[in-house]
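# A closer look at the structure
Listed below are the residues making up each chain.
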Amino acid sequence: MDWSEFFSMGGYAFYVWGSYLVTLILMGGEVVVLLRRRKLLRHQKRSGLETRGKQ
Amino acid sequence: MFRWVVVRDLTLAWKGRVDVLSTLFFFLIVVSLFPLGIGPETHLLRLIAPGVVWVAALLASMLSLGRLFANDYQDGTLEQLLLTPQPLYLVVLGKVMALWLVSGVPLALLSPVLGIQFGLPRNALFVLVVSLLLGTPVLALIGSIGAALTLGLRGGGLLVSILVLPLYIPVLIFGAGAVDASIMDSGVQGSLSLLGALLMLSLVFAPWATAAALRISLE
Amino acid sequence: MNWYKYASPTSFYPLAGKMIPWFAIPAAILFLLGLYQGLFVAPTDSQQGDAYRIIFIHVPAAWMGMLLYVLMAIYAAIGWAFNARLSSMMASAISITGAMFTFLSLVTGSLWGKPTWGTWWVWDARLTSTLILLFLYIGFISLQASIDDPRRADRAGAVLAIVGVINVPIIYFSVQWWNTLHQGATIRLMGKPTMAPPMLRAMLIMLTACWLYSIAVVLIRLRYIILEREQNAAWAAEAARSPVGQPRWGT
């Protein structure tokens, strides 16, 4: 397997790898944002419940 | 009932005619911006004229939507209208028609003047008017859906634009296409009939969607 | 089994949590498999060289963008017609993923276009229609984001989505028509790749991977939407707080 040939993608490396990189960023980003949402939600719940308890 | 709504809206429009005229002035100003931005070369202006006039018509139509429901919503009339035994479809149709008579028709009638400024030939000017007369009611009808959905929301006009402009695109394509076709001297009938088809479709479906949207927004 | 019980957000929440790994893990595996198939196994195209390998993500992304829009409209319509909150929440959950895929297909389409057409953007029928689809998604998302009352947001979104879905064929037709009118703008430097079996295989694997990914991600988002909207219910507070004894994806 000629790795340098694989990475250069026949000269189109920028376009091909660029595309898959953007894919990774967007899909990965979507998952990351969702996980952050979980943290935010938990944080909200915690502070929300505490104030409710004080009432 | 339908006639009552139309007459009422027309009367209100006459009372606030400054508002109405501003739609027209907006149209004029926007169209004039393009030669200022691009240059006065007549050949180029003639090429871009159909698109420019039509886009300006789109934007002006969209701005006029603010007058469709907002005032009635604020003074409570809209809720009353919802309670009448008359089908809401007719009420909506009446309001949209009044809006079109006051904003769309003057726009269409003024367009030849702008067309001349851009050097359009006479047959193209005629097609421009016809295309706008066919297209502006479609714009008002589709726009009414957006106006009804966004009643009372912050972000007002901009939000309506985001919702409605993509839906305006077919009207733009066929309308400007008709004028283009008249310059090339072929296919005008095709474009105009497609525009007519859009008008038929929107007359049937849009007021229904708008009525549904009004009920949703007013609950 | 009483399926109607799952129509309530409360009951669906744990079910969704259990379902997620069953989609997420196969999605990841298929992605790796698809990438291997597409980047290694599939032969180099005679006309486009290795540049064509972008289609293995571009085409699935484009399809997902379109399919998800229709799905979103269907869920929104059901949620409106049957007053089914969960269905409307599903529509909202789908919207973001659909927009993401549509945007991705535009970017990858552009990156594919540069070596094959010579420019970063071409106003051809497909790309232009995809751009308009992105606008439709943005409209739906913006509308829902601007409405505070969740039920009004659900129903307003439903009207917009239904109007949008009806307009999509009209828009597509008009853009096609517009494109043939102004012919001559698109010059292809290289022809389209002919699809040899290994290429088709890679495409199908990637498409399936994107589907599974979408289901997993949408279910995750749906769960957060359920939690955020059922805030007053005590159970939701519990679920959001304790990490112990809950399925991983739920916390």
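Refer to the structure printed above.
If you're wondering where the values come from, they're calculated on a predicted model, not measured in any experiment.

Time to look at the overall build of chain B. Helix and strand counts for chain B come out as nine helices and zero strands. Taken from N to C terminus, the helices and strands of chain B fall in the order α-α-α-α-α-α-α-α-α. Here chain B has a C-alpha radius of gyration of 18 Å; the compact-globule value for 219 residues is 17 Å, and the two agree. Taking the principal axes of its C-alpha atoms as reference, chain B extends roughly 55 × 30 × 30 Å. Relative to its 219 residues, chain B shows a buried fraction of 49%.

If you tally the helices and strands in chain C, you get seven helices and zero strands. Reading chain C from its N terminus to its C terminus gives the helix and strand order α-α-α-α-α-α-α. Counting only residues that meet the buried cut, chain C has 46% of its 251 residues in that class. For chain C, the proportion of contacts with a sequence separation of at least 24, taken over those separated by at least 6, is 79%.

Of the residues lining the interface, 21 residues belong to chain B; the matching set on chain C comes to 22 residues. Elements represented by at least two residues in the side of chain B that touches chain C include exactly helix 7 (122–149), helix 8 (156–184) and helix 9 (188–218) of chain B. Sorting elements by how many residues they give to the side of chain B that touches chain C places helix 8 of chain B first, with ten residues. Classifying every residue of the side of chain B that touches chain C by side-chain character gives 16 nonpolar, three polar and two charged.

We now examine the arrangement of the chains. Once contacts are tallied for each of the two pairs of chains in contact, the highest total is for chains A and C. At their nearest point, the C-alpha atoms of chain A and chain B are still 23 Å apart, with no contact between the two.

This part is about the packing of helix 6 (residues 88–117) of chain B against helix 7 of chain B. When two helices pack together, their arrangement is given by the angle between the helix axes and the distance between those axes. Residue and element names in this part refer to chain B. In contact at an axis separation of 8 Å, helix 6 and helix 7 are set at 150 degrees when each is read in the N-to-C sense. Between helix 6 and helix 7, the angle is such that the two are roughly antiparallel. Helix-helix and strand crossings are classified by hand; for helix 6 and helix 7 the assignment is right-handed. Only A124, L125, L128, V129, L132, L133, T136, P137, A140, L141 and S144 of helix 7 make contact with helix 6, whose side of the interface consists of V92, V96, L99, W100, G104, L107, A108, L109, S111, P112, G115 and I116. Here the residues of the contact of helix 6 with helix 7 are counted per class, giving 18 nonpolar, five polar and no charged.

Moving on to helix 3 (residues 85–117) of chain C. Because an α-helix packs 3.6 residues into every turn, residues spaced three or four apart end up facing the same way. Residue and element names in this part refer to chain C. Taking 1.5 Å per residue, 33 residues should reach 48 Å; helix 3 reaches 46 Å between its end C-alpha atoms and fits that length. Of all 33 residues in helix 3, 28 are buried, a share of seventy percent or more. Backbone geometry just after helix 3 places G118 at a positive phi near 95 degrees.

Residue D185 of chain B is not a glycine yet carries a positive backbone phi of 70 degrees. Inspection of the secondary structure assignment puts D185 of chain B in the loop between helix 8 and helix 9. The class of D185 of chain B is exposed, set by 10 C-beta atoms lying within 10 Å. The phi dihedral of N83 of chain C is positive, around 55 degrees, even though this residue is not glycine. Inspection of the secondary structure assignment puts N83 of chain C in the loop between helix 2 (55–81) and helix 3.

Here is what the cut-offs are and how they apply
- Residues numbered from 1 in each chain as written.
- Chains lettered and ligands numbered in written order.
- Predicted model: local features only at pLDDT ≥ 70, side-chain atom pairs only at ≥ 80, totals over all residues.
- Helix = DSSP H or I, 4+ residues; strand = E, 2+ residues; numbered from the N terminus.
- Rg over C-alpha atoms; globule rule 2.2 N^0.38 Å.
- Buried ≥ 20, exposed ≤ 12 C-beta atoms within 10 Å, placed from the backbone.
- Contact = placed C-beta atoms within 7 Å.
- Nonpolar A, V, L, I, M, F, W, Y, C, P; charged D, E, K, R; others polar.
- Axes fitted to C-alpha atoms, helices over the stretch in contact; angles between N-to-C directions.
- Parallel < 35°, antiparallel > 145°, perpendicular 65-115°, else oblique.
- Left-handed = near helix turned anticlockwise from the far one by under 90°.
- Expected span 1.5 Å × (residues − 1).

Purely spatial values, then, with no claim about function.
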